[in-house]
Amino acid sequence: MLRLAIVMLALAVPASTVPAQEKFENSPDARVLGDFKARVEKYEQLRKKADDSAPPLKESKDAAKIKDAQQGLAERIGAARVGVKQGVIFTPEIATVFRRLLRPEAKEKETKQALQEDKPEVASFKVNGPYPDKEPVTTMTPNVLQALPALPKDIEYRFIRKNLILRDARANLIIDYMTNAIP
Amino acid sequence: MSRLIVAFFLLMAGGSAPMAQQAAPPKPAQPAAQKPADKQPAPPKEAGSLKFAIIGDSGTGSSAQYAVAKQLIEARSRFPYEFVLMMGDNLYSGSGEKDYRKKFEEPYKPILDAGIKFYAALGNHDNSNERMYKQFNMNGERFYTFKPKPGVRIFALDSNYMDRTQIEWLEKELSASGSDWKVMFFHHPLYSSGETHGSDDKLREQLEPLFLKHGVDVVFAGHEHFYERLKPQKGIYYFISGGAGKLRKGDISKTELTAKAYDTGYHFMLIELAKNSVNFETINQDGKVIDSGALPRFSDADKKKMATSTPTIGPR
């Protein structure tokens, strides 16, 4: 009886109230998404080391210090990731799952419109390269963010055209990207 | 005594808008402050009230930004605002030292020197490390809250990236905010009559239920390069103020949302949170008042009634 009550209670919880992380941990893609999480965590550890090895990016009244700290961090991360190529985090297997997760959201008219608004005009970009500083960032709609696994602080998803970018917001650096993420 | 009061209001109106009677509180769910702009009273400087200014989409470094900044600086002598809220797009096209200087420090120098604090929200043209810039008072965070005086709580959100972390934080902070005035500011408008962008439906789906649940009073946004005062939506006042440095002329397609629209010049806003009303004045780059009024604070009971009423939603 108690079991039945628990099952009924679980069924009564709307999908939207299921904690985001739990949703992914219990999905058929759990193994692949777990791999994604592990790769992101590995990057996070690398950044922490880079962050600890020099004056950190912190609040300042001096804009030059902020820029210098950002660039210094990007350089140290870049040096620690020499030779890293596209796909280091978005492996083909992970990219396939991400495309599937994004498809229903990207099909929605409002989402499509929002992702295309103010899109950065960038001819080229690369892993370990800077996210274009003079261009706007694509606004990530809440439904798109909820469709994807959560990220640690200061690591974020962005789009450049149809490419899904994994961006380090502190270093303003492209960590990795996947092509044709949305139709 | 009455002459003194008349003189006071004339001073407040900056000589550019005829003095008028304060708008009577509207009935719940009715558009407030519907009188023409030139018939509106200026913010009345009620004793003990909170006064602040609003600039949005300011960071171009253009002569227009400087013209608006000049008016903002001048306005302080007659309306002593305590701080300025920035709606995002604080620095267009770069975030180097020169950008901070030309697009922020120089145009607003006199008020910065006077100790006036600026509180920024991030726009889609901002580098997220602007949160590290002390003069934006973001405490190194994309989203934050502060209490400028007892009874008022202000929330800055990052509408470019409304992830679950931010939503959970907002829910927690709103729950703890009690009966304070609750003022939100962020970049993307939930309601808008703009042709280029329009209402951000997806963001509204996320935020509006929280705003209604916790009794948010006023919401300020930018992104659209014009001024729009919207009819109250479900008991919440919405303003778009995104023309302190950018202008998209003729972009407003007046809809049933619009209470007042202005897209032919640059502007900024002066806000006064009085005990029971939000008083506002919107001023263009020439110092002309283009909109003003006093909007009554809705009671919790009225808000509850209006929260379930049919929203006025314009086309995107």
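Bear in mind the structure is a predicted one, so any value in this text is a computation, not a measurement. (Residues numbered from 1 in each chain as written. Chains lettered and ligands numbered in written order. Predicted model: local features only at pLDDT ≥ 70, side-chain atom pairs only at ≥ 80, totals over all residues. Heavy atoms only, no water.)

Some words on the environment of Ser95 of chain B
Stated formally: Each helix corresponds to a stretch of at least 4 residues labelled H or I by DSSP, and each strand to a stretch of at least 2 residues labelled E; elements are numbered beginning at the N terminus. Residue burial is assigned from relative accessible area. The probe radius is 1.4 Å, only protein chains are included, and a residue is buried under 20% of its type maximum, exposed over 50%, and partly exposed in between. We call two residues in contact when some of their heavy atoms are within 4.5 Å. For this analysis, a polar contact is any N or O atom pair within 3.5 Å, provided that within protein one partner can donate a hydrogen and the other can accept it, and provided that sequence-adjacent residues contribute only side-chain to side-chain pairs.
Among the structural elements, Ser95 of chain B can be located in the loop between strand 2 (83-86) and helix 3 (97-105). Residue Ser95 of chain B is classed as buried on the basis of its relative accessible area of 5%. Considering only alpha carbons, one finds Ser95 of chain B and Asn127 of chain B, 32 residues apart in sequence, at a separation of 6.6 Å. The contact partners of Ser95 of chain B, leaving out residues within four places of it in the chain, are Lys67 and Asp133 of chain A together with Tyr100 and Asn127 of chain B. For Ser95 of chain B, the side chain forms a polar contact with the side chain of Asp133 of chain A, separated by 3.3 Å.

Remarks on the environment of Glu105 of chain A
Among the structural elements, Glu105 of chain A can be located in helix 5 (residues 92-107). Overall, the relative accessible area of 18% leaves Glu105 of chain A in the buried class.

Here's the deal with the side chain of Asp291 of chain B
Residues and elements named next belong to chain B. Note on placement: Asp291 falls in strand 13 (residues 289-296). Residue classification places Asp291 among the buried positions, given a relative accessible area of 0%. Polar contacts involving the side chain of Asp291 include one to the side chain of Tyr227, which spans 2.7 Å.

Topic: the packing of aromatic side chains
All names here are of chain B. Quick reminder of the rule: Stacked, tilted and edge-to-face pairs are distinguished by plane angle, under 30 degrees for stacked and over 60 for edge-to-face with tilted covering the rest, among Phe, Tyr and Trp rings (Trp via its six-membered ring) whose centres lie within 6.5 Å.
A complete count under the given rule lists 26 aromatic pairs over all chains for this structure. On the basis of an interplanar angle of 85° and a centroid distance of 6.2 Å, the ring pair of Phe52 and Phe220 is categorised as edge-to-face. Pair noted here: Phe52 is in strand 1 (residues 50-55) and Phe220 is in strand 7 (residues 218-221), with a separation of 168 residues, a long-range link. Given the relative accessible area of 0%, Phe52 is considered buried. Owing to a relative accessible area of 1%, Phe220 belongs among the buried residues under this scheme. Both rings, one in Tyr191 and one in Tyr238, keep their centres 5.0 Å apart while their planes meet at 65°; by these two values the pair is edge-to-face. Taken together, the residues Tyr191 in the loop between strand 6 (181-185) and helix 6 (201-213) and Tyr238 in strand 9 (residues 237-241) connect sequence positions 47 residues apart. Like Tyr238, Tyr191 is buried.

Notes on the pattern of salt bridges
As a reminder, the rule being used: When a carboxyl oxygen of Asp or Glu lies within 4 Å of a side-chain nitrogen of Lys or Arg, that pair is called a salt bridge.
Inspection of the entire model under this criterion finds 30 salt bridges over all chains. The residue Glu156 of chain A makes a salt bridge to Arg167 of chain A at a minimum N-O spacing of 2.5 Å. In this pair, Glu156 of chain A is assigned in strand 1 (residues 155-160) and Arg167 of chain A in strand 2 (residues 163-168), connecting sequence segments 11 residues apart. With respect to class, Glu156 of chain A is no different from Arg167 of chain A; both count as buried. Between Arg229 of chain B and Asp291 of chain B there is a salt bridge; the shortest N-O distance is 2.8 Å. Placement of Arg229 of chain B in strand 8 (residues 227-230) and of Asp291 of chain B in strand 13 is noted, with a sequence separation of 62 residues between them. Assessed through its relative accessible area of 2%, Arg229 of chain B is described here as buried. Among the ionic contacts, a cluster of salt bridges with common partners joins Asp51, Asp154 and Arg170 of chain A together with Arg131 of chain B.

Regarding helix 5 (residues 164-175) of chain B
Every α-helix carries 3.6 residues per turn, so stepping three or four residues along brings you back to the same face. The following threshold applies: Working rule for helices: expected span equals 1.5 Å times residues minus one. Note that the arc is defined by the directions from the helix axis to the C-beta atoms.
Under the 1.5 Å per step criterion, the end-to-end length of helix 5 of chain B is 16 Å for 12 residues, consistent within 8% with the ideal 16 Å. All of the buried residues in helix 5 of chain B are Gln166, Ile167, Trp169, Leu170 and Leu174 of chain B. One face of helix 5 of chain B carries all of its buried residues, which in axial projection span an arc of 160°. Each element contacted by the buried residues of helix 5 of chain B is listed here: helix 7 (142-147) of chain A together with strand 4 (144-149), strand 5 (152-156), strand 6 and helix 6 of chain B.

A short note on the nonpolar core
Rules: The nonpolar core is taken to be a set of buried Ala, Val, Leu, Ile, Met, Phe, Trp, Tyr and Cys residues, with the residues joined through side-chain atoms within 4.5 Å.
Within the largest apolar cluster, 64 residues are counted, with the highest numbers of intra-cluster contacts made by Leu85, Phe185 and Phe220 of chain B. In this structure Phe185 of chain B touches Leu85, Met86, Met87, Tyr119, Ala120, Ala121, Tyr144, Ile154, Phe155, Ala156, Leu157 and Phe220 of chain B, once residues within four positions along its chain are discounted. Val32, Val40, Ile94 and Tyr157 of chain A belong to the second largest nonpolar core, which has 37 residues in total.

Details of helix 2 (residues 63-75) of chain B
Residue and element names in this part refer to chain B. Taking 1.5 Å per residue, 13 residues should reach 18 Å; helix 2 reaches 18 Å between its end C-alpha atoms and fits that length. Ala64, Gln65, Val68, Ala69, Gln71, Leu72 and Ala75 are the residues of helix 2 that are buried. Across the axial projection of helix 2, the buried residues extend over an arc of 160°, all falling on one side. Looking at the packing, one finds that the buried side of helix 2 touches strand 1, helix 3, helix 4 (109-113), strand 11 (267-273) and strand 12 (277-284).

Notes on the sheet that holds strand 10 (residues 258-262) of chain B
Residues and elements named next belong to chain B. Going by this rule: One bridge is not enough; two strands pair if DSSP finds at least two bridges between them. Here, axes are lines fitted to C-alpha atoms. For helices the fit covers the stretch in contact, and angles between N-to-C directions go from 0 to 180 degrees.
If you walk across this open sheet you meet the 7 strands as 4-5-6-7-9-8-10, and the pairing is mixed. In this open sheet, the two strands that pair with only one neighbour each are strand 4 and strand 10. Neighbouring strand axes in the sheet, compared pairwise and without regard to direction, differ in orientation by 15° on average. Both strand 6 and strand 7 contribute to a ladder of 3 bridges, which runs parallel. Within the sheet, the bridge partner assigned to Val183 lies in strand 7 and is Val218. Here helix 5 sits on the sheet in contact with strand 4, strand 5 and strand 6, set at roughly 175° to strand 5.

Digging into the sheet that holds strand 1 of chain A
Residue and element names in this part refer to chain A. Taken in spatial order, the 3 strands line up as 1-2-3 in an open sheet, and their pairing is antiparallel. Strands at the two margins of the open sheet, each flanked by one partner only, are strand 1 and strand 3 (173-178). Across the sheet, the mean angle from the axis of one strand to that of its neighbour is 30°, orientation sign disregarded. Alignment of strand 1 against strand 2, held across 6 bridges, turns out to be antiparallel. Pairing of Phe159 across the sheet is with Leu164, part of strand 2. Contacting strand 1, strand 2 and strand 3, helix 5 crosses the sheet at an angle of about 80° to strand 3.

Keep in mind these numbers describe shape, not what the thing actually does.
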